Structures are given as C-alpha cells and as structure tokens.
Amino acid sequence: MSQSKQNIKNGSCPVYKKCGGCQLQNLTYEEQLRFKQNKVVKLLKSFGRVEPIIGMENPYYYRNKVQAAFFTDRKGKIHSGVYQSGTHRIVSVDDCQIEDRLADEIIVAIRKMLPSFRLTTYNEDTRKGFLRHVLVKRGFSTNQVMVVLVTGTPIFPSKNNFVKALREKFPQIITVVQNINPFKTNLVLGDRQIVLYGKGYIEDELCSCRFRISPKSFYQINPAQTEILYGKAIEFAGLKGSDTVLDTYCGVGTIGIIAAKHGAGQVVGVELNGDAVRDAIQNAKANQLNNIRFFKGDAGEFMESVAEEDKKPDIVMMDPPRAGSSEQFLSSLIKMSPKTVVYVSCNPETLARDLDYLRKNSDYRVKKIQPVDMFPHTQHVETVVLLSRK
Ligand code: SAH
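Calculation notes
- Residues numbered from 1 in each chain as written.
- Predicted model: local features only at pLDDT ≥ 70, side-chain atom pairs only at ≥ 80, totals over all residues.
- Heavy atoms only, no water.
- Pairing = 2+ DSSP bridges.
- Helix = DSSP H or I, 4+ residues; strand = E, 2+ residues; numbered from the N terminus.
- Axes fitted to C-alpha atoms, helices over the stretch in contact; angles between N-to-C directions.
- Phe/Tyr/Trp six-rings, centres within 6.5 Å; stacked < 30°, edge-to-face > 60°.
- Lys NZ or Arg CZ within 6 Å of the ring centre and 35° of its normal.
- Near = heavy atom within 4 Å.
- Polar contact = N/O pair within 3.5 Å; in protein donor to acceptor, adjacent residues only side chain to side chain.
- Areas by Shrake-Rupley, 256 points an atom, 1.4 Å probe, with all protein chains shown as cover.
- Nonpolar A, V, L, I, M, F, W, Y, C, P; charged D, E, K, R; others polar.
- Salt bridge = Lys/Arg side-chain N within 4 Å of Asp/Glu carboxyl O.
- Buried < 20%, exposed > 50% of the residue type's maximum accessible area, 1.4 Å probe, protein only.

(A) Broad picture of the sheet that holds strand β7 (residues 192-197). Judged by pairing direction, the sheet is mixed, and its seven strands sit side by side in the order β3-β2-β1-β4-β5-β6-β7 without closing on themselves. Across the chains shown, the open sheet's two edge strands, defined by having one partner strand only, are β3 (90-92) and β7. Put simply, the sheet's adjacent strands are angled 30 degrees from each other on average, direction ignored. Of the pairings in the sheet, the one linking strand β6 (residues 173-180) to β7 comprises five bridges and is antiparallel in character. By the bridge assignment, Val 177 is partnered in β7 with Val 195.

Put into structure tokens, the structure is as follows:
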C-alpha cells in the first residue's frame, strides 16, 4: 500500500462536510467506483454494455490545477480556501487531499507573505483591496509550476520583490502571471493579464507529447488518468494513416496531437477559447507535426460548415464541456457521416441526451462505453464512447 493510502482514512478530511467538493468521501474508494459504475450503467445501459470503470491506483493529491480564494476575517486574519459547494462562502483549506501538495504549499506561503509586503485581500462588497485568488498549475511530468495572482486592481506594490521572494521559496515556479479581475463575477479569472516573470505558460507531457498550457487554457486536471482516457479514445478511433480526424472542443489540442502522433493522416481541431487555440498551434509545432490545423470558433458552427464541404473527415472526436454538445453539432455530424465517432464526456447525463439524439435521428450506434475515474472522491465521472454506423 502506498504512503498516502496509509495516511488517509476515508472521510478523514476535516472540512469534508463544510466544503462539499468531495461528495463521496464517506465511501471507500471501491465503493466510490461502484457508485460511479452504477450511475453510468443506469444512464447508458439502453445504448450498450458498460465496461468496468478504470479507477486510479493512488486516488489522492491528483489535481494539477489548484485555485484558492482569499479573504480577511473581522479580526484581520487572512484566510485562503475553496468556495463551499454551491455557495459563495469560503472554507479555509491548507492541505486538500485531492490537490497537488506543492500547489497547496505555495498558496499557504503566499498567504503568509501578504502582511510583510503590506498586501491586502480583495473585498467583494467594498470592491477594495488587492488579492482575490491564487491559481497554481503544475506540469506533473516536467515539474514546471505557474502561479497566477488574481487581483482586484492592476496596482501591485513591490511586485518584483514579491515574485523574487516567492521564487526563492519555490524554485519550481517558472512563471508568475498577474490576472486583473475588478468585476463582480463568479469567474475566477479576468480579461487582463500581465506576465510578471517567465514566459506566461508551463509545459507538461502526456502520452509522449509535449503541451504548453496558459493560465486560461483548459487542461485535464488528473494527468495519470488522462493518459488512460486518451489511450482509450485513440484505441476506439482505430486510426489509419489515410484518416482525417476532426478534434472538436480540442482545448490545447491534446487529443488531436496525440492522434497525429499515432498515425492519423490529417487532423483539424476546433476550440472556442482563443488562448487555448494559440497554445494548440504552438503545441503542434513543438511536437513537430505539420499535418494538423486548429481553428477558433464554436464547434457546432464549425461542424455545420465542414458538413457542406466535399472532403469530409473519417473520424470525429468530441470532448464537450459539462453542458454536452448542441443540436447544431449533432445534426451536422449526422450529415457529415464520418465512419467513427469518439465521444469523450465529463457528464453522463448530457452524454445520454446526445446519444439519444443520435439514436433517434441517425443510424449511429454505440459500440463501446468506457468510464474512467478522473475525479476520485467527487461525484464526477468521465466516459469514452465509441459510435459507428449500423
Ligand atoms: N479536448 C480537450 C478539452 C476538453 S474541455 C482536452 O482533453 O484537454 C472542453 C473544451 O471545449 C474547453 O477547452 C472549452 O473551452 C471548449 N468549448 C466550450 N464550448 C465550446 C464550443 N461551443 N465550441 C468549441 N469549443 C468549446
């Protein structure tokens, strides 16, 4: 048994109830997996057999992206932590059992540094003060760390000394970014960004490919399980050298780039977030691929226009956000009629809805369903589905 498994008893998190982030902490890990398997089976059994969920070997400290909100209490003490699930109340957390330990250490260190630099925390009611959030991303395979300081104002007194002190404590930090968010909003990151140190991004490696990640780009938060997830997606795609692959909702291009490395003939990616598209273009270059192109735009609109073209893709990979895909996307998919569709989903409810649309409106049928546990201790479950025409 690994060290962390010995140290952690189920439900041992002191803020388990208050925080609400880990809904399944009261269950053993085996029970959690059974719970998730049952959930997927219940929602998807009418489409086909559900393979047993692939669990995580050591289901702790897996998050490579950690976010903390900051506030000062009435006694003047500074706290950092997470929002209580479904509320705007902050629960103080110093070390979370599912977050990267180094990221948590960095957040605590920043909190302790604030008073000596005379930096305050931002108050959302008065809209005064300085630090709102800290976001830390770490490349688990490169050990590169990015710190994003989200501030209510652009003015950052003694910023150079602050960054220097932070880097002295944590030499793994290769870039520090100030993100300015003066708005009344639930979003953590604002629009304006200033790179205070380094290049403004980190890199990580997955499935033998290298990826650049910017503050605002989506990147899977559990790299160990992501390799398994992407491995399944590539296996399901059954790539041939002549295949043209569409990677929709592509983020920084991970799935498409791995597909290109695994022998796809041509790859085209589409993604709404401009920063992620920029990263994807760089990532294709960094992996020495010239058979891959990326477009910024809505995946549904993009699908509609590609469905009108003569040369149609052979394989469509889709990895939409929790809300699932759109009818515009799915109806265009049917029109495009690729031989294979691989649907990667982080929400089995919207997955079931979209599969049902395809069943009712096309001759696509589900061939394989593989759940993967990307988010141990939480209620979330990821699923990869292979579809082809009857
Ligand atoms: N496949 C990537 C990203 C998956 S997350 C990976 O594995 O890392 C879903 C992505 O869809 C996010 O990057 C998000 O910015 C993007 N997205 C959300 N809505 C979209 C839309 N309507 N059209 C295209 N991309 C969208």
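(B) The arrangement of the packing of aromatic side chains in detail. In this structure the tally under the stated criterion is five aromatic pairs. Each residue in the set Phe 117, Phe 130, Phe 156 and Phe 162 is aromatic and connected to the rest through ring pairs, giving one cluster. Lying across the ring of Tyr 61, Arg 101 places its NZ or CZ 3.8 Å from the centre. Between Arg 212 and the ring centre of Tyr 201, over which it is positioned, the NZ or CZ distance is 3.7 Å.

(C) Seen up close, the site of the ligand. Around the ligand, 16 residues are found, and the nearest of them are Tyr 230, Glu 271, Asp 298, Ala 299 and Asp 319. At a separation of 2.5 Å, an oxygen atom of the ligand approaches a polar side-chain atom of Tyr 230. Relative to its unbound accessible surface of 570 Å², the ligand loses 86% to contact with the protein. Partitioning the shell around the ligand into residue classes produces eight nonpolar, five polar and three charged.

(D) Broad picture of the pattern of salt bridges. Evaluated as defined, the whole model comprises 15 salt bridges. Of the charged contacts in the structure, one is a salt bridge between Asp 373 and Lys 36, with a shortest N-O distance of 2.8 Å. Of this pair, Asp 373 sits in the loop between β15 (364-372) and β16 (382-389) while Lys 36 is found in helix α3 (residues 29-44), placing the two residues 337 residues apart along the sequence. For Asp 373, a relative accessible area of 0% translates into the label buried. Lys 36 sits in the buried class, given a relative accessible area of 0%.

(E) Structural detail: unusual backbone geometry. Even without being glycine, Ser 158 reaches a positive phi, approximately 45 degrees. With respect to the element layout, Ser 158 can be found in the loop between β5 (145-151) and α5 (159-169). Classification of Ser 158 by relative accessible area gives partly exposed; the value is 36%. Even without being glycine, Gln 288 reaches a positive phi, approximately 55 degrees. On the secondary structure map, Gln 288 appears in the loop between α8 (274-286) and β12 (292-296).

(F) Up close: the pairing of strand β14 (residues 340-345). Across the six residues of β14, six count as buried, placing the element largely inside the fold. Across the two faces of β14 the burial is the same, with Thr 340, Val 342 and Val 344 and Val 341, Tyr 343 and Ser 345 all buried. Relative to β14, strand β13 (residues 315-318) runs parallel, the two sharing four bridges. Bridge pairing in β14 links Met 317 to Val 342. Relative to β16, β14 runs antiparallel, the two being bridged by six bridges. Each residue of the ladder has a partner; that of Val 342, found in β16, is Leu 386.

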